[in-house]
Amino acid sequence: HQQNCMVEAGTDGLETAMSDAPVLLDVSPAGVAVVTLNRPDKHNAFNAEVISQLSDTFETLRANGDEVRIVFLRGNGGSFSAGADLDWMKAAAHYTEADNEEDALALATMLKRLYDLPQMTVALVQGAAMGGGAGLLAACDVGIVMKDAKIRFSEVRLGLTPATISPFVIRAIGPRWARALFASGEGFDGNFAHQIGLAQYVVENEDEMALMEEHLAKLAFSAAPGAVAEAKKLVDDVTGREIDHGLAVHTAKAIARRRASDEGKEGLSAFLERRKPVWAE
């Protein structure tokens, strides 16, 4: 087997080693991708470079959808991400409104690229996940959070609002909790994140986190990649729509396409023949 590859975010391939970059991408030969925020001395806080490299990384993963089956997002060191970098915020204080809009659009675009990835995406959260860091958690499909994590939508404490992360957070926890936590800026732990739906799993320690990683990876490799991508899109297509004849037709067409697809035919054949489908071998 070839060795796992560590690449600097933003490269076109999955090959160049750069262990000191602020964002790292590690892809195993089997197709497990780990995106690591790599500024442990800054609690993995965001700045323009981190946002740009995350954005490029997610675009690389989208373009390599056939090779990558699951994406884990984590922070190096004691924190997931403490939100905005202080030096970056100081610089932004002198930006024009147009400069600030461009800056914010880069963050919104990066989060949308994460949200739109065809693979199952999993945030592994320990320590602080503040502001934009909590936004990353919300934009992933699955959140695994340490019980003692420290999470906060802290923007109002700085006279700001969680604007760019809000679509993803509201999708994750609903408008009622979003209004409460956006307005109060109250901090909460992993258990509370689980209670409100921001995280699906809460773990006690690193060993439990590793077991959950393994569990989700096994699930990802049992699922057909194309079906996973379409199942994720299905949620967005159906959410908020009236349950009427038009929606029934839409969903019937969706499953009919899947049944007629190569993956659908292979999955059914494997089930009937009591064997593993090709994507699970």
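Refer to the structure presented above.
From a predicted model like this one, the values you see are computed outputs, not experimental measurements. (Residues numbered from 1 in each chain as written. Predicted model: local features only at pLDDT ≥ 70, side-chain atom pairs only at ≥ 80, totals over all residues. Heavy atoms only, no water.)

A.B. asks: So what exactly am I meant to see when it comes to the overall build of the protein here?
C.D. replies: A count of helical and extended segments in the protein gives 10 helices and nine strands. Against the compact-globule benchmark of 19 Å for 281 residues, the protein has a radius of gyration of 20 Å, which places it among compact chains. Within the span of the protein, comprising 281 residues, buried residues form 44% of the whole. Taking contacts inside the protein between residues at least 6 apart in sequence as the whole, the part at least 24 apart equals 65%. Per element, the accessible surface of the protein, about 15,000 Å² overall, is 54% carbon and sulfur. On the protein, the mean spot of the 27 positive side-chain charges and the mean spot of the 40 negative ones are 7 Å from each other. (Helix = DSSP H or I, 4+ residues; strand = E, 2+ residues; numbered from the N terminus. Rg over C-alpha atoms; globule rule 2.2 N^0.38 Å. Buried < 20%, exposed > 50% of the residue type's maximum accessible area, 1.4 Å probe, protein only. Contact = heavy atoms within 4.5 Å. Areas by Shrake-Rupley, 256 points an atom, 1.4 Å probe, with all protein chains shown as cover. Lys, Arg positive; Asp, Glu negative; His and termini not counted. Charge placed at Lys NZ, Arg CZ, Asp CG, Glu CD.)

A.B. asks: Is there a simple way to think about the packing of aromatic side chains in this case?
C.D. replies: Given two aromatic rings, their pairing is described by the distance between the two centres and the angle made by the two planes. What the rule picks out here adds up to five aromatic pairs. Between Phe-153 and Phe-188 the ring centres are 6.1 Å apart and the planes differ by 45 degrees, which places this aromatic pair in the tilted class. Here Phe-153 is found in the loop between β8 (150–152) and α5 (166–184), whereas its partner Phe-188 is found in the loop between α5 and α6 (190–196), with 35 residues between them in sequence. Measuring from centroid to centroid gives 5.1 Å for Trp-177 and Phe-192, while their planes differ by 90 degrees, and the two rings are edge-to-face. Placement of Trp-177 in helix α5 and of Phe-192 in helix α6 is noted, with a sequence separation of 15 residues between them. Residue classification places Trp-177 among the partly exposed positions, given a relative accessible area of 34%. Taking relative accessible area as the criterion, Phe-192 reaches 22% and is therefore assigned partly exposed. Joined through ring pairs, the aromatic side chains of Phe-153, Trp-177, Phe-182, Phe-188 and Phe-192 make up one cluster. (Phe/Tyr/Trp six-rings, centres within 6.5 Å; stacked < 30°, edge-to-face > 60°.)

A.B. asks: Please explain the pattern of salt bridges as it appears in this structure.
C.D. replies: Between side chains of opposite charge, a pair can form when the charged atoms approach closely. Taken as a whole and judged by the stated rule, the model has 13 salt bridges. In this structure, Glu-214 and Lys-218 form a salt bridge, with 3.6 Å as the shortest nitrogen-oxygen distance. Of this pair, Glu-214 and Lys-218 both sit in helix α7 (residues 206–222), four residues apart, roughly one helical turn. Glu-214 sits in the partly exposed class, given a relative accessible area of 45%. (Salt bridge = Lys/Arg side-chain N within 4 Å of Asp/Glu carboxyl O.)

A.B. asks: How should the pairing of strand β5 (residues 120–125) be read in this particular structure?
C.D. replies: The two faces of a sheet get side chains in turn, since along a regular strand they alternate between them. Burial analysis of β5 places six of its six residues in the buried class, the great majority of the element. Here β5 shows a buried face lined by Met-120, Val-122 and Leu-124 and a second buried face lined by Thr-121, Ala-123 and Val-125. The sheet contact formed by strand β4 (residues 70–75) and β5 spans five bridges and is parallel. Each residue of the ladder has a partner; that of Ile-70, found in β5, is Met-120. Pairing analysis gives four bridges linking β5 to strand β7 (residues 142–146), with the strands arranged parallel. (Pairing = 2+ DSSP bridges.)

A.B. asks: Got a minute to help me understand the pairing of strand β3 (residues 32–37) in this structure?
C.D. replies: Among the six residues in β3, six count as buried, and that is most of the element. Taking every second residue as pointing to the same face, both faces of β3 are buried, with Val-32, Val-34 and Thr-36 on one and Ala-33, Val-35 and Leu-37 on the other. When strand β2 (residues 23–27) meets β3, the two strands line up antiparallel, connected through five bridges. Paired with Val-27 across the bridge in β3 is Ala-33. Following β2, the chain reverses through four residues before pairing antiparallel with β3; Gly-31 in that reversal takes a positive phi of roughly 115 degrees. Pairing between β3 and β4: six bridges, direction parallel. Following the sheet pairing, Val-34 is matched in β4 by Phe-72. At this point the chain moves from β3, through helix α1 (residues 48–63), to the parallel β4, and the crossover so formed is right-handed. (Right-handed = clockwise from strand over helix to strand, strands pointing away.)

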